[in-house]
Amino acid sequence: MPLHHDTPVPSAPRVLIVEDDDHIAMAIEYVLTREGLTHERVSMGAAALPRIRALSPDLVLLDVMLPDVSGHDICRGLREDPALAGVRVLMMTARGSANDRRRAMDEGADAFVTKPFDVKDLRAEVRRLLQI
């Protein structure tokens, strides 16, 4: 059966990774690639909000502790922008106390994982947030 050009083809969800650690970013990229997700990465916090606005991703995997701008500041900035209301945020941090989790959720994160994370846990959260 031929494809009709007027039939929209659903695009894969877009994911932006905001992570300064190359090894962690590679592990995340591996998971996203295996899930068939389109993704890109920024390693500096200052680049995150401009890239989120340009890309309009479905999900942002956001490291809390970045060298220049914190993930908390990025999450707040994202949530203050009505144009970005639909973007889901999965915050990632090596500090996984109840207070850290509560702060991330209070700032508008949709989910929270503690590093080092189990790849299966990360995959499950990504699938849940993207409903795939």
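Structure's up top.
Residues numbered from 1 in each chain as written. Predicted model: local features only at pLDDT ≥ 70, side-chain atom pairs only at ≥ 80, totals over all residues. Heavy atoms only, no water.

(A) Representation of the sheet that holds strand β2 (residues 38–42). Pairing is parallel in the open sheet, where five strands are placed in the order β2-β1-β3-β4-β5. Single-partner strands in this sheet number two, and they are β2 and β5 (111–114). For this sheet, the mean angle separating the axes of adjacent strands, direction not counted, is 20°. Relative to β5, strand β4 (residues 88–93) runs parallel, the two being bridged by four bridges. Within β5, the residue paired with Thr93 across the bridge is Thr114. Across the sheet, helix α5 (residues 119–130) touches β1 (14–18), β3 (59–63), β4 and β5, and the angle it forms with β4 is around 160°. (Pairing = 2+ DSSP bridges. Helix = DSSP H or I, 4+ residues; strand = E, 2+ residues; numbered from the N terminus. Axes fitted to C-alpha atoms, helices over the stretch in contact; angles between N-to-C directions. Contact = heavy atoms within 4.5 Å.)

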